[in-house]
Amino acid sequence: MGAILKREMSAYFSSATAYVVLAVFFFFSGMFFNFYVFAQNSTSLTYVFSSMFYIIMFIIPIITMKSFAEEKKQKSDQALLTSPCSLTEIVLGKFLAAFIMFALCNVIFLVYAVIISFFAQPQWSVILCTLLGTLFLGGSMIAINVFISVMTESQVVAAVLGMGVGLLISMMSYFVSNIGIQWISTALEKISFMNYYANFTYGILSITDVIFFLSVTALFLFFTVRALEKRRWS
Amino acid sequence: MIEVKNLTKRYGDIKALDDISFTVDTGEVLGFLGPNGAGKSTTMNIITGYISSTSGTVTVDGSEILENPRETKSKIGYLPEIPPLYPEMTVRKYLEFMFDLKKVKLPKKEHIEEIMRLVRISDMADRLIKNLSKGYRQRVGFGQALLGNPPVLILDEPTVGLDPKQIIEVRKLIRSLGKKHTVIFSSHVLSEISATCDRIIVISEGRIVADSKTDELSKALADTQKLSLTAEGSPSEVLGEIKKIPGVKKYMKVRELNEKTALYSVEYSNDCDIRREVFSAMVRINSPILEMKSGNESLEDMFLKLTQGTEKGGR
């Protein structure tokens, strides 16, 4: 697992991926920070975080699109799958690398909090809670996107599909209010990522939300392992 | 060392492998021969655990690939048909990654240096793999398979795409590795296999059509001798005389060399030498023999015979 994690990280930073992702993330978060904190004379990062929700949905497929699709295409997966590593180790290595990449993006929020602290007392508990929520949200989105990447050989297909899924997840609350059939809208509401994420941005750390994101992550990582296993048997 | 038992692999209705069984002893170099698409790569992929078989078992050094995948895989060094390389890494970084991935417990730096020396890529150590030529990439792939000195080496067409000098080097390397390792390597080039291997398995249409020691194979299958004859005189007369000689199985005129001379090919059974009879027959019709050469069937002929035979039988 360590070997794969290390290789993935160096692959991010030896290609343009890491820098492009960091630049886009910093640009949008900086813009929202300017709009919602400086322009509004506010100390709250809540709106910055909730606006970043959509950016995260787009940025994560870029981080993960390579993970399995590229390996399959250039046949380097043969090295991984014939090495004495279990599939779980391989998948976890890939997942953790993408997660660390994503976490690095989020470091910028701490910088913003420190900037606020020069002018007023920032709400540290809310900020840290939201940051935690962002990491949980990111983790589950990364797991979903790693799973998408394992299903295809093309990075572009993986990225576009991932963004589509991200968009669908972002619009879940919109569907909820527009679908008349009661049980469908209730069901959709229960899996709306925004609902669970919103609690974090208010500074509410609830066990339900944490478990929701953790189980989505675990579920899709499990699917990824099974998809790899299935490829071997087909 | 390696025991393959009743291996079958189906892709939907297509049988890629049909009940393949063989064993390889420690220190043996086994050549896997067959036309393209015969099932060589499939067999190798199953032995190394990249894909699974529909039925059948593979045991390497006493451990079974499905029951004990980790232990089994750590005993195998595998060079697939397309070397599993990461183009954006340098050779050294890549080998270090593979070293960690394979969980090798030797001193890392020295071992990698040693491997690079062995496959002669030390000069390229700090170059990006994407900038290397095909031959060097193949060698990096080779180096990767050798990491950790696994007792079993599986090499899928290791000489494809190399220039003649490199091919000779790789053959030498395989032969020298055969002293310490058990090697299975595949090729569709016959001369290569017969020059390098102790034993040959010929596979065609997913079935083993021959399995024997390299020299035995040529002996056992060469029940027919071939005679090529260049003689003057009218072709119909010459062929008429050849036909009369006992033991002749097949005869034909290959081509006319000029208006008086023609080249003939005669096949006859191994147990009788017809050269003397041919000589006296030609004397009888007053056709001087300009050249006569008899020889065993080449490995190429045999290979074609073996693989074509199954195609007819299979369909």
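Residues numbered from 1 in each chain as written. Chains lettered and ligands numbered in written order. Predicted model: local features only at pLDDT ≥ 70, side-chain atom pairs only at ≥ 80, totals over all residues.

Undergrad: Pulling in residues and values, what's your account of the overall build of chain B?
TA: If you tally the helices and strands in chain B, you get eleven helices and 14 strands. For chain B, the C-alpha radius of gyration of 25 Å lies well beyond 20 Å, the compact-globule estimate for 315 residues. Dimensions of chain B, computed from the C-alpha atoms along their principal axes, are close to 80 × 45 × 35 Å. By residue count, 39% of the 315 residues in chain B fall in the buried class. Here the contacts in chain B between residues at least 6 apart in sequence split such that 68% fall between residues at least 24 apart. (Helix = DSSP H or I, 4+ residues; strand = E, 2+ residues; numbered from the N terminus. Rg over C-alpha atoms; globule rule 2.2 N^0.38 Å. Buried ≥ 20, exposed ≤ 12 C-beta atoms within 10 Å, placed from the backbone. Contact = placed C-beta atoms within 7 Å.)

Undergrad: Summarise the interface of chain B and chain A; cite the residues concerned and give the values.
TA: Note on interface size: it is often stated as the accessible area lost on association of the parts. Contacts between the two partners involve 22 residues from chain B, matched on the other side by 19 residues from chain A. Of all the elements in the fold, those that place two or more residues in the side of chain B that touches chain A are α2 (69-74) and α3 (91-101) of chain B. Top element by residues in the side of chain B that touches chain A is α3 of chain B. It accounts for four residues. Residues belonging to the side of chain B that touches chain A are distributed by class as follows: eleven nonpolar, five polar and six charged. (Nonpolar A, V, L, I, M, F, W, Y, C, P; charged D, E, K, R; others polar.)

Undergrad: Outline the domain arrangement of chain B, listing residues and values.
TA: The domain boundaries assigned to chain B delineate domain 1 (2-220) and domain 2 (223-296). A straight line from the C-alpha centre of domain 1 of chain B to that of domain 2 of chain B covers 46 Å. (Domains from an automatic or database assignment.)

Undergrad: Any chance you could break down the pairing of strand β2 (residues 14-24) of chain B for me, citing the residues and the numbers?
TA: Residues and elements named next belong to chain B. Across seven bridges, the pairing between strand β1 (residues 2-11) and β2 is antiparallel. Across the sheet, Glu3 pairs through a bridge with Thr23, a residue of β2. Linking β1 back to β2 in an antiparallel pair, the connection comprises two residues, with Gly12 at a positive phi of about 60°. (Pairing = 2+ DSSP bridges.)

Undergrad: Got a sec to walk through the sheet that holds strand β5 (residues 63-64) of chain B? Specific residues and values, please.
TA: All names here are of chain B. The antiparallel open sheet is built from four strands, whose spatial order is β2-β1-β4-β5. Of all the strands in the sheet, just β2 and β5 have a single pairing partner and so form its edges. Across five bridges, β1 lies against strand β4 (residues 55-60) in antiparallel orientation. Note on β4: the bridge partner recorded for Val4 is Val58. Contacting β1, β2 and β4, helix α1 (residues 40-47) runs over the sheet at an angle of about 120° to β1. (Axes fitted to C-alpha atoms, helices over the stretch in contact; angles between N-to-C directions.)

Undergrad: With reference to specific residues and values, describe the environment of Ile56 of chain A.
TA: Position of Ile56 of chain A relative to the elements: it lies in helix α3 (residues 46-64). Non-local contacts of Ile56 of chain A, meaning those with residues more than four positions away in its chain, are made with Leu137, Gly138 and Met141 of chain A.

Undergrad: Any chance you could break down unusual backbone geometry for me, citing the residues and the numbers?
TA: In this structure, Lys75 of chain A is a non-glycine residue whose phi angle is positive, near 60°. With respect to the helices, strands and loops of the structure, Lys75 of chain A is situated in the loop between α4 (69-73) and α5 (77-81). For Asn286 of chain B, which is not a glycine, the phi torsion comes out positive at approximately 60°. Within the secondary structure, Asn286 of chain B is located in the loop between α10 (275-284) and β14 (289-296). The class for Asn286 of chain B is exposed, based on 9 C-beta atoms found within 10 Å.

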